[in-house]
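A structural walkthrough
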Amino acid sequence: MTNNNLLPLSTEQIKLLTELAASLSAAQINWVSGYFAGLSAQDINVQNNSVSINTPLLQNEIVTSETEKSLTILYGSRTGNGEGIAKQAQKNAAALGIDAKLKSMETYKNNDLKNETNLLLIVSTHGEGEPPFQAKTFYDFLFSKRAPKLEELNFSVLALGDSSYLKFCQTGIDIDNRLEELGAKRIAKRVECDVNFRDSALKWIKDSLKVLNSNSANSQQTKLIYTKSETDSIYGKENPFQAQVLEKTFLHGRDSNRQTLHVELSLENSGITYEPGDSLGVFATNPPELVESLIKTVNLSPTDKVISEQGDITLSDTLFKNYELTHITPDVLNRYAKLTDNNKIKEILQSPDSVKDFIYGKDLVDLFTQFPEELSPDQFVSILRPVQPRLYSISSSPQTYPNEVHLTVGVVKYKNGDRNKTGLCSVFLSDRTEENETAPVFIEKNHNFRLPQNHETPIIMVGAGTGVAPYRAFLQHREQVEKRGKSWLIFGNRHSESEFLYQLEWQRHLRESSLTRMDVAFSRDNSEKVYVQNHIKEQGKLLFDWLENGAHFYVCGDMKRMAHDVHNTLVNVVSKHGGLKQQAAEEYVFNLQQQHRYQTDVY
């Protein structure tokens, strides 16, 4: 006879459990066993003789045992951040015995979506709410009439974005909502990551896998594994390298009212490696005069103490090192409105256009001058945006300049109202960092802006202003090999005499045949403005012939104007010289992108 006093269950509970067990098959008993084992591994709160389970599972969203150990991790991002997070998720899933398949949205077979059961999606947002090219085909399919019903799908979305943009994480939000519309069920709530994404991303991985694992018949405790490649340098965004400034040169002539800086930095003893097409991230400090002016504007003292992760720090020190002050971003405006309940700021926030108009050309001093409020030091700091590194396309080849990295930086200086303004990092490098001093740097890989693996493949490079930077690296890299394909540079700027960046180097490359052809467009030299897209149109037949012979096409520079106009001109060139209708020409260009023969590095 069973002594019920020795059991944690009541007589009624034992009766119910016995009846349930008698009605189950062996497979069902196995599943229930795993289910309860998973529950026991989670945090359980006992309140009023009831059990409350802290889990990301939403109501009626239990993963079935038939598919519990199958998972697809789908990523789509312009840089390597999304892929890096996806690989972390795959490693953690494997440690739990979950068979996780890693797939890119760029090459994903969209018809496979209806057969998925557990899906983790990692996707970034490009520009003002647009999906990156790598995710566009999947995104368009999901919102098309061909998208299937997905009642059998369990999913979770990690959205990558930048809250300085108005449509923060919009692509991830769109995909998350659309999957729900199609009948899919969330296994964990959507997480929206800002530029400092690592902690949020790792927590999302843990929470998502915890749900999948807790419903497994052989569930284990969900432990997070963070791994780095053995080839990684110890230096990165979280631990930048202090690179010595070897040399600085201004590239514009005396008559130019703009400045472009060429800066050479040492990577000696860093272990840092990079390839042409990669970017260098640089952390900058704020202009001391701006820090001083801002503290006076908010009526606080430089010696006021604020709480930080490193302990108490003076207001002056934290503003100098830790926060964005040179421009206003929408997230700062939002936090200020919530903190102060200021109706005028709330009115501005009602319209994206009014936000753009208000923040254009303004810094934090302008914000607090126009909307003054009495704030404590900690309140003031709480609305600010943590300082972000600036990314610059690398303009050197590591084969030509081992242990060095070169940058081509447009120096931002302007006047708004009666105040002189500057960019954060460009003026940090040009005015506040001297030769032999150091700057904190790290490499940002860009796998979507690479030279062809075959050095004999022709390349066409289009860039305006500092957008010419990566092509300096491309040609340096290619001149190191004997057998190389043809290369064509189409470069634009305002004035030929004062803004022909790296003119002598291009001329040398032409003489030595490491550059086959160069066309230049200087928009302000004549009454009729000429841009890079004009040369693409004029040389359309030749350019199309190059493409037909396998050339890769590159665009670097301004996304909204130059890159947009170049893209449309390219489609028209293909249509005219390929004898194709508009839709067929667009498909031709799209296929170039899918084949990685049309690559962009735009900002």
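Please read all numbers here as calculations on a predicted model, not as lab measurements.

Reading the values: rules and limits
Residues take numbers from 1 onward in each chain, read along the sequence in its written order. The predicted nature of this model means local features are confined to residues of pLDDT at least 70 and side-chain atom pairs, given and counted, to a pLDDT of 80 or more, with totals for whole chains, interfaces and linings taken over all residues. Hydrogen atoms and water are omitted, and side-chain values are computed over all heavy atoms in the structure. For the purposes of this entry, the term helix denotes a DSSP run of H or I that reaches at least four residues, the term strand denotes a run of E that reaches at least two, and both are numbered from the N terminus. Only protein chains enter the calculation, and the probe is 1.4 Å; a residue is then buried if its accessible area is under 20% of its type maximum, exposed if over 50%, and partly exposed in between. Contacts are assigned to residue pairs with any non-hydrogen atoms lying within 4.5 Å of each other. Computed with a 1.4 Å probe, the accessible areas rest on the Shrake-Rupley method; for each residue, only the protein chains presented here act as cover. Pairing between two strands requires that DSSP report at least two bridges joining them. Interaxial angle, 0 to 180 degrees, is taken between N-to-C directions of lines fitted to C-alpha atoms, where a helix line uses only the stretch in contact. With a 1 Å grid laid over protein atoms only, a set of points is called a cavity when a 1.4 Å probe fits there but cannot get out and a pocket when it is open yet has protein on both sides within 12 Å along at least five of seven lines; lining residues have an atom within 4 Å of a point. Grid points are joined across faces, edges and corners, and a volume is the space filled by probe spheres set on the points. By convention in these notes, a salt bridge is any Lys or Arg side-chain nitrogen within 4 Å of a carboxyl oxygen on Asp or Glu. Side-chain rings of Phe, Tyr and Trp, where Trp is taken by its six-membered ring, are said to pair if the distance between their centres is within 6.5 Å; with planes under 30 degrees apart they count as stacked, over 60 as edge-to-face, and otherwise as tilted. As a reminder, the over-ring test applies to NZ of lysine and CZ of arginine, requiring each to be within 6 Å of the ring centre and within 35 degrees of the ring normal. Directions drawn from the helix axis to the C-beta atoms are what define this arc. Angular relationships are summarised with four words: roughly parallel below 35 degrees, roughly antiparallel beyond 145, roughly perpendicular across 65 to 115, and oblique for the angles in between. Put simply, a crossing is left-handed when the front helix is turned counterclockwise from the back one by less than a right angle, and right-handed when it is turned clockwise. Residues are sorted three ways: Asp, Glu, Lys and Arg are charged, Ala, Val, Leu, Ile, Met, Phe, Trp, Tyr, Cys and Pro are nonpolar, and all the rest, Gly among them, are polar. Each residue carries a pLDDT value, the predictor's own confidence for that position, ranging from 0 to 100. What we call a nonpolar core is a set of buried Ala, Val, Leu, Ile, Met, Phe, Trp, Tyr and Cys residues that are connected through their side-chain atoms within 4.5 Å.

On to the overall build of the protein chain, then. Along its length, the protein chain carries 21 helices and 23 strands. With 603 residues in all, the protein chain has 48% of them scored as buried. Of all intrachain contacts in the protein chain linking residues separated by at least 6 positions in sequence, the fraction that spans at least 24 positions is 76%. Surface exposure of the protein chain reaches about 30200 Å², of which carbon and sulfur atoms provide 47%.

Here six strands make up an open sheet; going across it, the order is S14-S11-S18-S9-S10-S15 and the pairing antiparallel. Since the sheet does not close on itself, it has two edges, and those belong to strand S14 (390-393) and strand S15 (404-411), each with one partner. Ignoring which end each strand starts from, the neighbouring axes of this sheet average 40 degrees apart. Looking at chain direction, strand S11 (residues 279-282) and strand S18 (residues 438-444) are connected through four bridges and run antiparallel. Across the sheet, residue Val282 finds its bridge partner in S18, namely Val441.

Read across the sheet, five strands follow the order S21-S20-S19-S22-S23 without closing on themselves; strand pairing throughout is parallel. Strand pairing shows two members of the sheet lacking a second neighbour, strand S21 (517-522) and strand S23 (598-602), which therefore form its edges. Mean inter-strand twist for the sheet, computed between neighbouring axes without regard to direction, equals 10 degrees. Pairing analysis gives five bridges linking strand S22 (residues 552-557) to S23, with the strands arranged parallel. Its bridge partner being in S23, Tyr554 is matched across the sheet by Gln599. Against the sheet, helix H15 (residues 469-478) makes contact with strand S19 (459-464), strand S20 (487-493) and S22, and its axis sits at roughly 150 degrees relative to S19, the strand it touches most. Running over the sheet, helix H19 (residues 540-548) touches S19, S20, S21 and S22 and is turned about 135 degrees from S20.

Approximately 1100 Å³ is the volume found for the second largest pocket. Taken together, 34 residues line the second largest pocket, and the ones lying closest to its centre are Pro131, Phe133, Lys136, His567 and Gln593. Of all the elements in the fold, those that place two or more residues in the lining of the second largest pocket are helix H4 (133-142), helix H20 (559-578), helix H21 (582-594) and S23. Broken down by element, the residue count for the lining of the second largest pocket peaks at eight residues, all from H20.

What follows concerns the pattern of salt bridges. Counted by the stated rule, this structure contains 32 salt bridges. Between Asp278 and Lys445 there is a salt bridge, with the nearest N and O atoms lying 3.5 Å from each other. Highlighted residues: Asp278 in the loop between strand S10 (259-266) and S11 and Lys445 in the loop between S18 and S19, separated in sequence by 167 residues. Classification of Asp278 by relative accessible area gives buried; the value is 0%. The residue Arg508 makes a salt bridge to Glu512 at a minimum N-O spacing of 2.9 Å. Overall, Glu512 belongs to the partly exposed group, its relative accessible area being 42%.

Let us now look at the packing of aromatic side chains. For the structure shown, the criterion picks out 20 aromatic pairs. Between Phe358 and Phe371 the ring centres are 5.8 Å apart and the planes differ by 50 degrees, which places this aromatic pair in the tilted class. Here Phe358, found in helix H11 (residues 352-359), pairs with Phe371, found in the loop between helix H12 (364-370) and helix H13 (377-382); they are 13 residues apart in sequence, far enough to count as distant. Ring pairs connect the aromatic residues Phe449, Tyr471, Phe474 and Tyr554, which therefore count as one cluster. Over the ring of Phe143 we find Arg178; its NZ or CZ atom is 5.7 Å from the centre of that ring. The ring of Phe358 has Lys362 sitting right over it, with the charged end atom 4.9 Å from the ring centre.

Our next topic: H19. Within H19, the full set of buried residues consists of Gly540, Leu543, Phe544, Trp546 and Leu547. All buried residues of H19 lie within an arc of 155 degrees about the axis, which places them on one face of the element. Buried residues along H19 sit against S19, S20, helix H18 (532-538), S22, H20 and H21. Looking one or two residues past H19, Gly550 carries a phi angle of roughly 90 degrees, positive in sign.

Between helix H7 (residues 288-297) and helix H8 (residues 315-322), the shortest axis-to-axis distance is 10 Å and the interhelical angle comes to 130 degrees. Between H7 and H8, the crossing angle belongs to the class labelled oblique. Here H7 runs over H8; the crossing is right-handed. Mapping the contact onto sequence places Pro288, Val291, Leu294 and Ile295 in H7 and Leu315, Ser316, Leu319 and Phe320 in H8. In the contact of H7 with H8, the residues fall into seven nonpolar, one polar and no charged.

Let us look at empty space enclosed by the protein. With the rule as written, the count across this model stands at one cavity of 30 Å³ or more. As a volume, the largest cavity reaches approximately 30 Å³. Residue lining of the largest cavity: Met105, Glu106, Phe133, Gln134, Ala135, Lys136, Thr137, Phe590 and Gln594, and that is the complete set. The leading source of residues in the lining of the largest cavity is H4, at five residues. A per-class count over the lining of the largest cavity returns four nonpolar, three polar and two charged.

Looking at the protein chain as a whole, its pLDDT mean stands at 88, while 85% of the residues score no less than 70. Here residues 1-6 scores under 50 on pLDDT; set against residues more than four positions off or in separate chains, the count is four contacts. Across residues 37-67, where pLDDT falls below 50, the model places 48 contacts with residues more than four positions away in sequence or in other chains.

This part covers the side chain of Ser77. By the secondary structure assignment, Ser77 is in the loop between strand S3 (70-76) and helix H3 (81-95). Here Ser77 falls in the buried class, since its relative accessible area comes to 6%.

The next thing to look at is the pairing of strand S13 (residues 311-314). Bridge count for strand S12 (residues 305-308) against S13 is four bridges, and the pairing is antiparallel. Each bridged residue has a counterpart across the sheet, and for Lys305 the counterpart in S13 is Thr314. Hairpin connection between S12 and S13: a loop of two residues separates the two successive antiparallel strands.

Quick look at the nonpolar core now. Core analysis: the biggest nonpolar cluster contains 32 residues, and Leu294, Leu319, Leu367, Phe368 and Phe380 have the highest contact counts within it. Residues within four places of Phe368 in sequence aside, it is in contact with Leu294, Thr297, Val298, Tyr336, Leu375, Phe380 and Ile383. The next biggest cluster of nonpolar side chains, apart from the first, holds 27 residues, and it includes Leu261, Val411, Leu429 and Ile443.

To continue, consider H7. Within the sequence span of H7, burial applies to Leu290, Val291, Leu294 and Ile295. Burial along H7 is one-sided: seen end-on, the buried residues are contained in an arc of 130 degrees. Of the exposed residues in H7, those oriented more than 90 degrees away from the buried face are Glu289 and Lys296. In the core, the buried residues of H7 are packed alongside H8, H12, H13 and strand S17 (419-422).

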